[in-house]
Amino acid sequence: MSTTRPSAVIVLAAGDGTRMKSDLNKVLHTIGGRSLVSHALLAAARTQAPHVAVTVRAAREQVVPMVRSTWPEAIIADQDDIKGTGRAAECALEQLPTDLTGTVLVTYGDTPLLTTTTLVALTTAHEGAGNAVTVLTARVPDPTGYGRILRDADGAVAGIIEHKDALKAQAEGGEHADAVHIDEINSGIYAFDLAVLRTSLAQVTTDNAQGEKYLTDVLAIARGAGGRVDSFSVEDPMEIEGINDKTQLARLGRELNARTLDRLMREDGAIILDPATTWVDVEVSIGRDTVVHPGCQLRGATSVGSGCEVGPDTTLIDTEVADGASVVRTHAVLAQVGPNATVGPYSYLRPGTTLGARGKIGGFVETKNATIGDGAKVPHLSYVGDAEIGEGTNIGAGTIFANYDGVNKHKTVIGKHAKTGSNNTFVAPVVIGDGAGTGGGTVVRGEVPPGALGVSSGPLRIIEGWAQRKRPGTDQAQAAETATPAPVEPPTPVEPVETNGADPA
């Protein structure tokens, strides 16, 4: 069967989502690093339909910017006071060209696992069968909350009954009293002949339990007009599952994460040691034979090359890690780690950090807006902010780049193959030349020329007995007293004995 593309796709995203119990509109909640409406919109847009429309109403001022940022070409349709999915679709149709023909797909903004592949397959099946309407269905163990597919004696789709109406029919014992037991559900996703949809929606009323204009009513109207109504079944029911509350949000978030990890392992060759504790957003890339240890989160547009070690307990947000690098127990945001470089443990890479090839950012180091050259090292207990460090340079332990004067930020530039001592403070702006060095405990407030040694501390002074004099009665003074040897008294001189030359013995 050949594939084709729809003439238009309509994404319904106008609902309040009150069951989410949230100040944030339902379709703006995220899983896999992407909002629900963005997932749905991208699946629709990637069918290559010439027209993609999104119907909005609730929280319009928040939803529209998200739609625009996801797919700028999307058409925005505003739903009026008439409620229901039928009216939402009708409002979107009014924004499409009046002479548009072909197939229009209708999807929802809260089905994040729906794929473009399924939408294209639905379009192909719909057009191949010459249907007026094709509904995407699935069979599920628990159909609660979903509309049920009604079929005639020949097995053809006769219509759809919503869950609440099925409950009402069961309670009253009327037609479709057994509909609540049907396990074939309506996904809310359809392929329509565009002309049929326009004509049928004009006949849909709000005469139902909810007082809404149901899109599902189009099926019976189209069938009554002689159109062919059929179904297309999706093999994976979770693909069509919608999100209505935060429990479902968490469950589908876990499912999407599991599918993302499965794809990275099967298709890209990543090694995920513990998928249960590893969370990776859908836009993240991980190269072949990179090992991701337990407790990691890779978020946003993070990319990790091949042959890397990430984690354990590492969070990377919009961060690039090149081939062969190791990043252990690190939090990094908008940072770049070069090939074969090492980071961590317990490092914090803030935005603007760039670590060169074979470079090192060691334990308990924080960096921000810092370029650290190839082979350069910041091994221990340091803060590096607004800095440029040349290749091969080593920064001593406990170093502080004092970049802020209370009003403005200033830059420190350290040249190539410099060696700075421990417990230095660079009071920016500072320039240290190539091959220069600094002594331990030095405060640098200016320029150290190439090859020079900068030292600001003086000779060591010893003030004896200071603790006993200045801290009398304290444990410090007592310890010093105990450790200080008692002074040795000089021996008493012995008077010589007069012997008149005789032997005293």
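Source: prediction; values computed, not measured.

A.B. asks: So what exactly am I meant to see when it comes to the pattern of salt bridges here?
C.D. replies: Think of it this way: side chains of opposite charge can pair up when their charged atoms draw near. What the rule picks out here adds up to 21 salt bridges. Residue Arg60 is joined to Asp78 by a salt bridge in which the shortest nitrogen-to-oxygen separation is 2.5 Å. Residue Arg60 is found in helix α2 (residues 60–70), and its partner Asp78 is found in strand β5 (residues 75–78); the two are separated by 18 residues along the sequence. Overall, Arg60 belongs to the partly exposed group, its relative accessible area being 35%. Among the ionic pairs, Arg329 bridges to Asp313, the shortest N-O distance being 3.3 Å. One end of the pair, Arg329, is in the loop between β21 (326–327) and β22 (330–333); the other, Asp313, is in the loop between β18 (309–310) and β19 (315–317), and 16 residues separate them in sequence.

A.B. asks: How should I be thinking about helix α3 (residues 85–93) in this particular structure?
C.D. replies: For an α-helix, 3.6 residues make a turn, and residues three or four places apart therefore share a direction. Among the nine residues in α3, eight count as buried, and that is most of the element. Every buried residue of α3 is listed here: Gly86, Arg87, Ala88, Ala89, Glu90, Cys91, Ala92 and Leu93. Check the buried side of α3 and you find it contacts β1 (8–13), β4 (51–56), β5 and α6 (194–201).

A.B. asks: Would you take a moment to explain a nonpolar patch on the surface for this structure?
C.D. replies: A surface patch of nonpolar side chains, amounting to about 350 Å² of accessible area, comprises Tyr346, Phe364 and Leu381. Relative to the elements of secondary structure, Tyr346 occurs in the loop between β24 (342–343) and β25 (347–349).

A.B. asks: Got a minute to help me understand the side chain of Glu184 in this structure?
C.D. replies: One can find Glu184 in strand β10 (residues 184–193). Judged by relative accessible area, which is 6%, Glu184 ranks as buried. Looking at Glu184, its side chain comes within polar contact range of the side chain of Thr137, at 3.1 Å. Among the polar contacts made by the side chain of Glu184, one reaches the side chain of Arg151 at a distance of 2.8 Å. Dropping the residues within four chain positions of it, Glu184 is found in contact with Thr137, Ala138, Arg139, Gly147, Arg148, Ile149, Arg151 and Ser231.

A.B. asks: When you look at unusual backbone geometry in this model, what are you seeing that I'm missing?
C.D. replies: Generally, phi is negative for residues other than glycine and the peptide bonds are trans, each holding for most cases. In this model, Gly311 is joined to Pro312 through a cis peptide bond whose omega is 10 degrees. Of note, Pro312 is situated in the loop between β18 and β19. For the bond running from Gly344 to Pro345, omega is 5 degrees, close enough to zero to count as cis. When you line up the elements, Pro345 lands in the loop between β24 and β25. Within the chain, Arg358 stands out as a residue other than glycine whose phi angle is a positive 60 degrees. Turning to its location among the elements, Arg358 is positioned in the loop between β26 (354–355) and β27 (360–363). Taking the relative accessible area as the measure of exposure, Arg358 reaches 53% and is therefore exposed. Positive phi is not limited to glycine here, since Asp386 has a value of about 50 degrees.

What counts and how
- Residues numbered from 1 in each chain as written.
- Predicted model: local features only at pLDDT ≥ 70, side-chain atom pairs only at ≥ 80, totals over all residues.
- Heavy atoms only, no water.
- Salt bridge = Lys/Arg side-chain N within 4 Å of Asp/Glu carboxyl O.
- Helix = DSSP H or I, 4+ residues; strand = E, 2+ residues; numbered from the N terminus.
- Buried < 20%, exposed > 50% of the residue type's maximum accessible area, 1.4 Å probe, protein only.
- Contact = heavy atoms within 4.5 Å.
- Patch = residues over 30% accessible without salt bridge, like charges linked within 9 Å, V, L, I, M, F, W, Y side chains within 5 Å.
- Areas by Shrake-Rupley, 256 points an atom, 1.4 Å probe, with all protein chains shown as cover.
- Polar contact = N/O pair within 3.5 Å; in protein donor to acceptor, adjacent residues only side chain to side chain.

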